[in-house]
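# Descriptive structure summary
Each chain, written out:
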Amino acid sequence: VEDAPWWTRATVYQIYPRSFQDSDGDGIGDLRGILSRVDHLAALGVDVVWLSPVYRSPQDDNGYDISDYQDVDPSFGTLADLDALIVALHERGMRLVMDLVVNHTSDEHPWFVESRSSAGSPKRDWYWWRPPREGTALGDPGAEPTNWHSFFSGSTWEPDAATGEYYLHLFSRKQPDLNWENPEVRQAVYAMMRWWLDRGVDGFRMDVINLISKDTTLPDGPVLAGVWGDGSGHYTDGPRVHEYLQEMHREVFAGRDAALLTVGETPGVTLDEAVLYTDPARREVDMVFQFEHVGLDHGPGGKFDPRPLRLTDLKATFGRWQAGLAEVGWNSLYWDNHDQPRVVSRFGDDGRYRRESAKALATLLHLHRGTPYVYQGEELGMTNAHFTRFDQYRDIESLRHVAQARALGTATDEQLLAGLAAHGRDNARTPVQWDATPHAGFTTGTPWLAVNPNHVEVNAEAERADPDSVFHHHRRLIALRHEDPVVALGDFTMLLPQDEQVYAFTRSLDGEALLVVVNVSGEARDVDLADAWALDGDGGWGPLVLGSYPDGAASPTTLRPWEARVHRRG
Ligand code: TEU
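Computed from a predicted model, the values in this text were never measured in an experiment.

Cut-off values and rules
Residues numbered from 1 in each chain as written. Predicted model: local features only at pLDDT ≥ 70, side-chain atom pairs only at ≥ 80, totals over all residues. Helix = DSSP H or I, 4+ residues; strand = E, 2+ residues; numbered from the N terminus. Rg over C-alpha atoms; globule rule 2.2 N^0.38 Å. Buried ≥ 20, exposed ≤ 12 C-beta atoms within 10 Å, placed from the backbone. Contact = placed C-beta atoms within 7 Å. Near = placed C-beta within 6 Å. Nonpolar A, V, L, I, M, F, W, Y, C, P; charged D, E, K, R; others polar. Domains from an automatic or database assignment. Pairing = 2+ DSSP bridges. Axes fitted to C-alpha atoms, helices over the stretch in contact; angles between N-to-C directions. UniProt positions renumbered as here; feature names shortened; annotations may be inferred. Parallel < 35°, antiparallel > 145°, perpendicular 65-115°, else oblique. Left-handed = near helix turned anticlockwise from the far one by under 90°. Arc of directions from axis to C-beta. pLDDT = per-residue confidence, 0-100. Expected span 1.5 Å × (residues − 1). Core = buried A, V, L, I, M, F, W, Y, C linked by C-beta atoms within 7 Å.

## Thoughts on the overall build of the protein
Each helix and strand in the protein was counted, giving 15 helices and 22 strands. Relative to a compact globule of 570 residues, whose C-alpha radius of gyration would be 25 Å, the protein shows 24 Å and is just as compact. Along the three orthogonal principal directions, the C-alpha set of the protein runs to about 80 × 55 × 50 Å. Considering the protein as a whole, with its 570 residues, one finds that 50% of them fall into the buried category. In the protein, of all internal contacts separated by at least 6 residues, the share reaching a separation of at least 24 is 65%.

Here's what the structure looks like:
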């Protein structure tokens, strides 16, 4: 237990700077804004802040398109502001983890500007340049080197008239993919990472890090509906990705890794691959974000084709990951981030039982084995945006999806609006609701994305003032992980795997055990755990460690709507 890494007891808080706090009235959050709110983070008790990109960027994808890795974008502030934030967090015992976006750069990064300048450029090979298919001309339909569909709609290949070739971009055309096959690219990335560690940052969240190694023969993928194909099999967990991460570890982290946190964002990762990425003996990353549980409510048409979650599917997924990383490796635990809808709207009830369901879902997540991640506003029970018009959206993924679907006639406007309302990324990006004033205390200007009108009820000021709030419930969950080794390290056993309403499990370590029972519904329920957990003399489950209702466990084995409880073996 004493030997376990510090991050087994830690909770990470994600800040999406554009939407966190504006300090200068331009309607865009910034570093000085974050500085003014560090005491909110300290009060919550989180150990680590993961800061989404603040680097210099044309903001085509809100900073995930970087034109200078070693500077701060003027819209967010200056390097001096970032240094001040590092100090302010360190003073309060928190660490700062930076976002590392190195699958691609901006097309305005000097590396790419040089690379596209001529076919003979010394940096030509830093990106993926390919001629049109044989017998076709640049820009012809079907001339793209592969049929791959971009994450942001359309082809992954952009024609470049100046040199008559295409370049690869898995995301937007302003996010050309770096060619990790080239050792100069890798060394340039490692040097930049060392520069940040020397500046005082405490690790990295590595954007789509499992997509950096492509099959260099660039085969087509199976054809999707329409003209494009699914190329993911040729770039997900690719042939050299583990080699690259081990090299990165040697070049960047060796000797200083114990104090740091590294987490790979790995869309499409399998459990077997996750074991390889996170096995400490292999020295790749501490943990990865897997995507299975956030795909369970995607229909056959993908993320914009929503369908309801079945609780038994969630249990099967989480249960498999808990078991699969029990002996080797480590889980990250998350519901929300800047790409996902708000969990209280998605899997909870953001109407009548907003508070109860937010607390229930938080309890469920934080009591699993792994490192929990809280996304800004999740600790307040913030909800989806509930936009009803296309012109309310700003996110490139959503806007490009709408444009493509309209051009191809694959969805009606009504279907598109329903898809965006359920899974559009702007749901997570509305400004943080600090108080009940007109722009929720986020800005004195015009916010870049509309503030949710429910900020008059749902806001940090109200949450902090109320001991039974979603905020204080998160604070207690975070503290419990600090205090109780069973929460951090205990074995996980799923109970009632076939139950569509109640999510229950135990955690145990060295003869100590906790029982977690969560009613994932708005109807009361009796829960019979049979032999899995013996009843105490009062017919209950033992002393209550943490409950989501203010009056504790009102009835021994009956859960009220969205009630969540943690009991200790008596
Ligand atoms: O996301 C990668 C990713 O696979 C998705 O979650 C993506 O956001 C999209 O929604 C797929 O439908 C990372 C970042 O988190 C995201 O914000 C960036 O847009 C993307 O990489 C490109 O850097």
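The discussion continues.
## Concerning the site of the ligand
Around the ligand lies a shell of 14 residues, among which Asp61, Tyr64, Phe171, Pro267 and Asp339 are the nearest. Its residues assigned to classes, the shell around the ligand shows 6 nonpolar, 1 polar and 7 charged.

## Thoughts on the domain arrangement of the protein
What the domain assignment reports for the protein is domain 1 (7-105 + 183-470), domain 2 (110-168) and domain 3 (491-568). Centre-to-centre separation of domain 1 and domain 3, based on C-alpha positions: 30 Å. Counting residues at the interface gives 19 residues for domain 1, matched by 21 residues for domain 3. Only helix H8 (311-324) and helix H10 (354-366) provide two or more residues apiece to the side of domain 1 that touches domain 3.

## Some words on the sheet that holds strand S17 (residues 502-509)
Within the open sheet, the 5 strands sit side by side as S16-S17-S18-S22-S20. Their pairing is antiparallel. Every other strand in the sheet has two partners, leaving strand S16 (491-495) and strand S20 (544-547) as the edge strands with one partner each. Across this sheet, the average inter-strand angle for adjacent strands is 15 degrees, counted without regard to direction. When S17 meets strand S18 (residues 512-519), the two strands line up antiparallel, connected through 8 bridges. Pairing of arginine 507 across the sheet is with leucine 514, part of S18.

## Points about the sheet that holds strand S1 (residues 12-15)
Strand order in the open sheet formed by 8 strands is S11-S10-S9-S5-S2-S1-S15-S14, with parallel pairing between adjacent strands. This sheet does not close on itself; its edge strands, each paired only once, are strand S11 (287-289) and strand S14 (332-333). Alignment of S1 against strand S15 (residues 371-375), held across 3 bridges, turns out to be parallel. Residue valine 12 lies in a different strand from S15, and its bridge partner there is tyrosine 373.

## Side note on the UniProt feature "domain: Glycosyl hydrolase family 13 catalytic" (unreviewed entry) in the protein
Sites flagged by UniProt as "domain: Glycosyl hydrolase family 13 catalytic" (unreviewed entry) map to residues 14-429. Segment residues 14-429 splits into 30% helix and 13% strand. End C-alpha atoms: 12 Å apart.

## Things to note about the packing of helix H5 (residues 183-199) against helix H6 (residues 241-253)
Across the interface, H5 lies against H6 with an axial gap of 10 Å and an inter-helix angle of 45 degrees. Looking at the two axes, H5 sits oblique to H6. Every pair of crossing elements has a handedness; the one defined by H5 and H6 is right-handed. In this structure, H5 contributes Arg186, Tyr190, Met193 and Arg194 to the contact, and H6 contributes Tyr244, Glu247, Met248, Glu251 and Val252. For the contact of H5 with H6, the class distribution of residues is 5 nonpolar, no polar and 4 charged.

## Points about unusual backbone geometry
Notably, leucine 218 is not glycine yet its phi reads approximately 45 degrees, a positive angle. Its place among the elements puts leucine 218 in the loop between strand S9 (203-206) and H6. A count of 16 C-beta atoms within 10 Å places leucine 218 in the partly exposed class. The phi torsion at aspartate 237 lies on the positive side, around 50 degrees, for a residue other than glycine.

## Some details on helix H4 (residues 110-117)
Within H4, burial applies to Phe112, Ser115 and Arg116. Viewed end-on, H4 has its buried residues packed into an arc of 90 degrees, placing them on one side of the element. Structurally, H4 contributes buried residues whose contacts are with strand S7 (157-160).

## What about the confidence of the model for the protein?
Of all residues in the protein, 100% have pLDDT values of 70 or greater, and the mean over the chain is 97. Across the interface, the model reports ipTM at 0.97; the global pTM reads 0.98.

## Concerning helix H14 (residues 470-483)
In this model, H14 (14 residues) spans 20 Å end to end at C-alpha, consistent with the 20 Å of a helix rising 1.5 Å per residue. Within the sequence span of H14, burial applies to Val470, Phe471, His473, His474, Arg476, Leu477, Ile478 and Arg481.

## Some words on the packing of H10 against H14
Taken N-terminus to C-terminus, the directions of H10 and H14 make an angle of 15 degrees; their axes are 9 Å apart at the nearest point. Judged by the angle between their axes, H10 and H14 are roughly parallel. In this structure, H10 crosses over H14, and the sense of that crossing is right-handed. Contacts between H10 and H14 pair Arg355, Ala358, Lys359, Ala362, Thr363 and His366 from the former with Val470, His473, His474, Leu477 and Arg481 from the latter. Residue composition of the contact of H10 with H14, grouped by class: 4 nonpolar, 4 polar and 3 charged.

## With respect to the nonpolar core
One finds Val46, Val48, Val49, Leu96, Val97, Leu361 and Val516 to be the most contacted residues of the largest nonpolar core, which totals 129 residues. Per element, the largest residue contribution to this core is 6 residues, and it comes from H10. Once residues lying within four places of it in the same chain are set aside, the contact partners of leucine 96 are Val49, Leu51, Leu85, Ile86, Leu89, Val201 and Asp202. In terms of nonpolar packing, the next biggest core, distinct from the first, is built from 6 residues, Ala385, Phe387, Tyr393 and Ala421 among them.

## Quick notes on the environment of glutamate 414
Among the secondary structure elements, glutamate 414 is positioned in helix H12 (residues 413-423). Considering only alpha carbons, one finds glutamate 414 and arginine 389, 25 residues apart in sequence, at a separation of 10.0 Å.

## Focus: the environment of aspartate 391
By the element assignment, aspartate 391 lies in the loop between S15 and helix H11 (396-408). The sequence separation of aspartate 391 and arginine 425 amounts to 34 residues, and the corresponding C-alpha distance is 14 Å.

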